[in-house]
Amino acid sequence: MVFSSERLLFTPATPDDHAIPTIFAFPNQYNIGITSLGYQIVWASLALRPDLMVSRLFTDYHEPLPRQPELLGYSISWELDYVNILAGLEFLEIPLYSAQRDSSHPLVFGGGPVLTANPEPFADFFDVILLGDGEILLDNFIDAYQEVRTAERNTQLQHLAQVPGVYIPSLYQVTYQDLTSAIASIQPVSDQIPTTVSKQTYRGNTLSASTVVTEKAAWENIYMVEVVRSCPEMCRFCLASYLTLPFRTPSAIDSLIPAIERGLKVTDRIGLLGASVTQHPEFDVLLDYLNQPQYDHVRLSIASVRTNTVTEKLAQTLTKRNTRSITIAVESGSQRLREIINKKLSNDEIIQAAVNAKAGGLKRLKIYGMVGVPGEEIADVEETVGMMEQIKRAAPGLGLTLGCSTFVPKAHTPFQWFGVNPQAQKRLKLLQKKLRSQAIDFRPESYNWSVIQALISRGDRRLSQLLELTRHYGDSLGSFRRAFKQLRGQLPELDFYVYTDWSTEQVLPWSHLLGPLPQATLLKHLGAATALGVGDGE
């Protein structure tokens, strides 16, 4: 059994006599779920409470489950996992739609980056959605539930709606200009319910670290340490930056090194996580610590790093620690386009990162790029080809991989009003043709998957029926088009959600859900991009 391979770094509480029977689920396989640091942390937070009796549920394995759970929680980090949520509800014999549940059913709650960004396509499937950081939300939610545990369901939901960051979709009425166009308004069903719900932000000085290490994880035996949260760069398309502001950096001496030392007692594989790990102000302190001879056996992995922080010293440290490659995100070889998206980076810095990576002994440089960014022209794509050729000449023998995605608009970012560029697929093919002739490894993400991601990223509640329908057809773009055709007249066309540039005046599906920055600030950042040429692309 997979659970017997786990080495816990915490001691679960012994449930008391009246503990709430709870299922905490991940809508994918065990090896994927247990590699999610967010899932680990939430599970440990729940398991440390004696007033809960927690069982875990994955798509392939589960612990012994309570016959009558009162709470069922889902941690969601990938949009298309909704299929497994619906399958999980059916497995547990729980109605798919919250409106069909009664007091005999558990309260179904969910959290994680997908739901925090825009929960509306999934809103009809959840009784409760937790917006923001679990460090403060979870305990407040459970405490509030304890206060109304024996009450009838509607009383429970109305009480929970008063907790900051706890969103009860059924207590908000969405009206539309008509069934096939934009939202007209989103209002609470009574004046007892808050008009808006604000994402909750944890501002403590200690971030997350693994609560379990196992050889059955997708990253075998890895112990993960969250070095930073959010990113100071604020690229205008980036959900990881805008949704998680402010940028937080725990003390290397007081927090990060003690966390790493705890992990080294059970494994020799360490992963440093964060959107911009090397921008921690004390990153050199961490590097010097890990460079000590007693850690020569340790394997070190680092998430994507800021390009101009790739030093020879960093490359040498990673090489010594059994890492063969490093990943940087540059988005484009075009300086003009990087300025539009607020990517503060020059081609010289990108080339220097490659030179340093090679000099430090690394074998491969992985580069993230993007096509279809608002304002992009064909000339910008050509400049990406030119940049890759320059890197190849400057660091001969260094393996180069360009992974490339299509721009997808994300809620709570300045580019949330833009649609997907329908020329993006052709531009991916252009890059593929030109780079493969240069023997550069090109790995495009699926354009069709980007279309589906955009649909869900910008979706509203009218998508719930479509999502239920589509899961029976399969998660291909053709399946989604088939479902739209079947539901024609009941919701807008696919193009409305995916390709249309939305007016900054219209009500967004998430307008009642407040992120870290007010809309006025997002519009100011959008204006800065527009002044540089957004909207001029082909």
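The model shown is predicted, which means the values in this text are computed figures rather than measured ones.

**Some details on the sheet that holds strand 14 (residues 299–302)**
- Spatially, the 3 strands line up as an open sheet ordered 12-13-14, and their pairing is parallel. The outermost strands of the open sheet, each flanked by one partner alone, are strand 12 (222–226) and strand 14. Adjacent strand axes in the sheet meet at a mean angle of 20 degrees, parallel and antiparallel pairs treated alike.

**Thoughts on the UniProt feature "domain: Radical SAM core" (unreviewed entry) in the protein chain**
- UniProt marks residues 217–443 with the feature "domain: Radical SAM core" (unreviewed entry), using the numbering shown here.
- With 37% helix and 18% strand, residues 217–443 has its two end C-alpha atoms placed 25 Å apart.

**Section: the pattern of salt bridges**
- Tallying each qualifying case throughout the model produces 26 salt bridges.
- Among the salt bridges present, the one from Arg 229 reaches Asp 133, with a minimum N-O distance of 3.5 Å. A residue pair is termed long-range when its members are at least 10 positions apart, and Arg 229 in the loop between strand 12 and helix 7 (239–242) and Asp 133 in the loop between strand 6 (128–130) and helix 5 (134–147) qualify at 96 residues.
- Residue Asp 133 is classed as buried on the basis of its relative accessible area of 10%.
- A salt bridge links Arg 443 to Asp 441; its shortest N-O distance comes to 2.8 Å.
- Judged by its relative accessible area of 51%, Arg 443 is exposed.
- For Asp 441, a relative accessible area of 24% translates into the label partly exposed.
- Each of Asp 133, Glu 135, Glu 226, Arg 229 and Arg 248 takes part in salt bridges that share partners, so that together they form one network.

Reading the values: the criteria
Residues numbered from 1 in each chain as written. Predicted model: local features only at pLDDT ≥ 70, side-chain atom pairs only at ≥ 80, totals over all residues. Heavy atoms only, no water. Pairing = 2+ DSSP bridges. Helix = DSSP H or I, 4+ residues; strand = E, 2+ residues; numbered from the N terminus. Axes fitted to C-alpha atoms, helices over the stretch in contact; angles between N-to-C directions. UniProt positions renumbered as here; feature names shortened; annotations may be inferred. Salt bridge = Lys/Arg side-chain N within 4 Å of Asp/Glu carboxyl O. Buried < 20%, exposed > 50% of the residue type's maximum accessible area, 1.4 Å probe, protein only.

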